[in-house]
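Each chain, written out:
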Amino acid sequence: MKPPTLSPPNNRILVIDDNPSIHEDFRKILSPGDAQLADELDADEAALFGDAPSISRQCSFEIDSAMQGQEGLKMVEAALAAGRPYAIAFVDIRMPPGWDGVETIQHLWASYPELQVVICTAYSDYSWNEITAQLGATDKLLILKKPFDNVEVLQFAHALTEKWALSHRLNGRLQDLDRMVDERTRDLVTANTKLETEAAEREHAQAELRRSEERFAKAFRASPVPIAIQRLDDQRYLDVNDSFLTLTGYRREELITGAPPAIQLWSPAARRDELLALLGPHGPVRAFEGQFLSKHGEPRDVVVSADVFDVGDDRCTLLLAEDITARLALEKQLRRSQKLEAVGQLAAGVAHDFNNLLTVIQGHATLQLAAKNLDSHLADSLNEVALAADRAAALTRQLLAFGRKQLLQPRLIDLNYVIRRLTKMLSRLIGETIVLGSDLAEHLPALCADEGNIEQILVNLVINARDAMPGGGTISIATAVTEVDAARAAVNSEARTGTFIRLTVTDSGSGMAPETLSHLFEPFFTTKEVGKGTGLGLATVYGIVLQQEGWIEVASALGAGTTFRIYLPAIEGQVAQNPETEAAPPSISGDETILVVEDEDAVRSIVQVILEDYGYHVLEAAHATEALAVWAQHRDTVQLLLTDVIMPGGITGCELAARLRVDDPKLKIVMTSGYSRDVVNRDLFDAQGIHYVSKPYRAHEIVRAVRQCLDTA
């Protein structure tokens, strides 16, 4: 604590002793109550110091008492707070209980380091070395042996109060000297600062100029944006950064020459003249689209910003070029994906509605074909109708595959096994003039997919490659495991990171032009002659791959063949064995009561006719609300619900089945739809006793599904 300002002398003394008589002795010695005792004390002092007694010596000391060290500490702190500190403390060495003298002094000095202390002791409790070992070497500590002499006490009191006063006067003088030194130093510093200001400002300006040039140079070189500086009059390059060299493919010395450059980056060159024309009257140019031709002849789409500025005596152009080639490709790819998605939704919707019509056609045709004594000519005609309906159904399945709405039966399969099993059949498809080869990676992970869809992908790609090689050639099928990182995924809007199985089909055929590639996966788009293809093959492949959570990459050029790379997610797990074909039930007729729910009147009618023809009792409803009313009246007799999945009225077939299952957990359910399992509640679909039939279906197919469901335990 900083000592407070106090005008000397300071005659305040604190006595800390547990013996009241000691306090009384100090008062008698240091603060006598009558003049005679004061005269005696003055005489004793004169004898000691050899001076005549003065009026100031007649002044008594102000004595305060404390019985314990803790009490003494509080009094010292209170005196400091009041601005009247003690000059001396007489402290007994022994003060049981509580702190002893040494511990008390430690606390006193912690609060007030300037306090002069006299240890009063009648014993040899501590040696001087022990005391100083605890309190430290100091000139503020004396020892007074008990019983003490009055003159000795007076001597200590006068000497230590004088010492305290001298110390304060000395501190005050030192503070005055410090202030004088500080003031003089500040004057010198101010003068020196004024002398150094001009030199420092000049040096700072030069340093800032150097740093500015250095910062510009570093920013120019390291900028990820391609930058070039050209003279305006002759278009000579004065400087280019590393990103500009990367963009154009040229070396620095090829661009920066002493003569006007022979290299023309702009394609066409007239586009550069348009930019320069805009720079004149309009000032800075922003977002100017153009195209550079790299050293290797590769076109790079760029967005250029330009401005005119002076470099010395030269009028120059600053060009900043952003390479947007990859971005434009991604945007084009995204637009294509969005277009295909929209077309896929439309195709799936058309296929769904068409499947309802085909269900009616196939149902009536097969129902009539089952009649006895059928005229042979009528039977042939009905067979043609049924076959045409089958071909139409195949087309709708392809549309559903493109729209990712077909029913899947995924399981863990070995892609290499599927390829090897199909190789013989594929060889027959492509003919003898085309060589089919394979390069299958060993230890390929499992693939969770619908095996029939994988076969369809392979068949469509191989047939497409065959048609591109009318004069013969080679087709190669390869598999590999690949890790797709973020950088690789960024170049394809449909890609994502992870471990994938890559299926590659490459042919040596005629290849495709860029405009053909842009429409490659659109349904009904084909480059083949009329009648040679439906245009659904690659569209089907595209839909299947996306439904399998993968993507396709195509590389092709005219005269250089085509490569399809299909990425499918790899799965850790045991490959499933081929499922065994279930034996058909011996009889598909019955007499159970079936609730048929179908919003298409024609479909509902033919299903009712088919089921009744096989002996079943049929209750019908056009939508779920009507079905609930029918159920309320006949719940005790209905044994099976045959319902379409998508229906109007706000309640789907899945929701209807769930409600009825709550009322009767044993109810058997068969669902039908022109869509796939994507629109079916999978938890419900996988439940025991529920079967699914895709539209369109023949009469015996729907009856067999009903019979199998009823016979399921």
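Attention in this report is confined to the structure presented alongside it.

About the thresholds
Residues numbered from 1 in each chain as written. Predicted model: local features only at pLDDT ≥ 70, side-chain atom pairs only at ≥ 80, totals over all residues. Heavy atoms only, no water. Helix = DSSP H or I, 4+ residues; strand = E, 2+ residues; numbered from the N terminus. Buried < 20%, exposed > 50% of the residue type's maximum accessible area, 1.4 Å probe, protein only. Contact = heavy atoms within 4.5 Å. Axes fitted to C-alpha atoms, helices over the stretch in contact; angles between N-to-C directions. Parallel < 35°, antiparallel > 145°, perpendicular 65-115°, else oblique. Left-handed = near helix turned anticlockwise from the far one by under 90°. Nonpolar A, V, L, I, M, F, W, Y, C, P; charged D, E, K, R; others polar. 1 Å grid on protein atoms, 1.4 Å probe; cavity = no way out; pocket = protein on both sides within 12 Å on 5 of 7 lines; lining within 4 Å. Points joined across faces, edges and corners; volume = space filled by probe spheres on them. Patch = residues over 30% accessible without salt bridge, like charges linked within 9 Å, V, L, I, M, F, W, Y side chains within 5 Å. Areas by Shrake-Rupley, 256 points an atom, 1.4 Å probe, with all protein chains shown as cover. Salt bridge = Lys/Arg side-chain N within 4 Å of Asp/Glu carboxyl O. Lys, Arg positive; Asp, Glu negative; His and termini not counted. Charge placed at Lys NZ, Arg CZ, Asp CG, Glu CD.

**Details of the overall build of the chain**
Here's step 1: The secondary structure content of the chain amounts to 21 helices and 22 strands.
Here's step 2: A burial count over the chain gives 43% of its 713 residues as buried.
Here's step 3: A separation of at least 24 residues holds for 68% of the contacts in the chain among residues at least 6 apart in sequence.

**Structural notes on the packing of helix α3 (residues 69–82) against helix α4 (residues 101–111)**
Here's step 1: Look at α3 against α4: their axes get within 9 Å of each other, and the N-to-C directions meet at 15°. Judged on the interaxial angle alone, α4 and α3 are roughly parallel. α3 and α4 meet at a crossing whose hand is right-handed. Seen from α3, the contacting residues are Gly69, Gly72, Leu73, Val76, Glu77 and Leu80; seen from α4, they are Thr104, His107, Leu108 and Ser111.
Here's step 2: By residue class, the composition of the contact of α3 with α4 is 4 nonpolar, 5 polar and 1 charged.

**Comments concerning empty space enclosed by the protein**
Here's step 1: What the rule picks out here adds up to 4 cavities of 30 Å³ or more.
Here's step 2: Its volume calculated, the second largest cavity comes out at about 70 Å³.
Here's step 3: If you go around the second largest cavity, you meet 10 residues; those closest to its centre are Gln230, Tyr237, Ile263, Gln264 and Arg272.
Here's step 4: In the lining of the second largest cavity, the residues fall into 6 nonpolar, 3 polar and 1 charged.

**A look at a negative patch on the surface**
Here's step 1: Together, Asp178, Asp182, Glu183 and Asp187 make up a region of like negative charge exposed at the surface.
Here's step 2: Tracing the sequence through the fold places Asp178 in helix α6 (residues 150–222).

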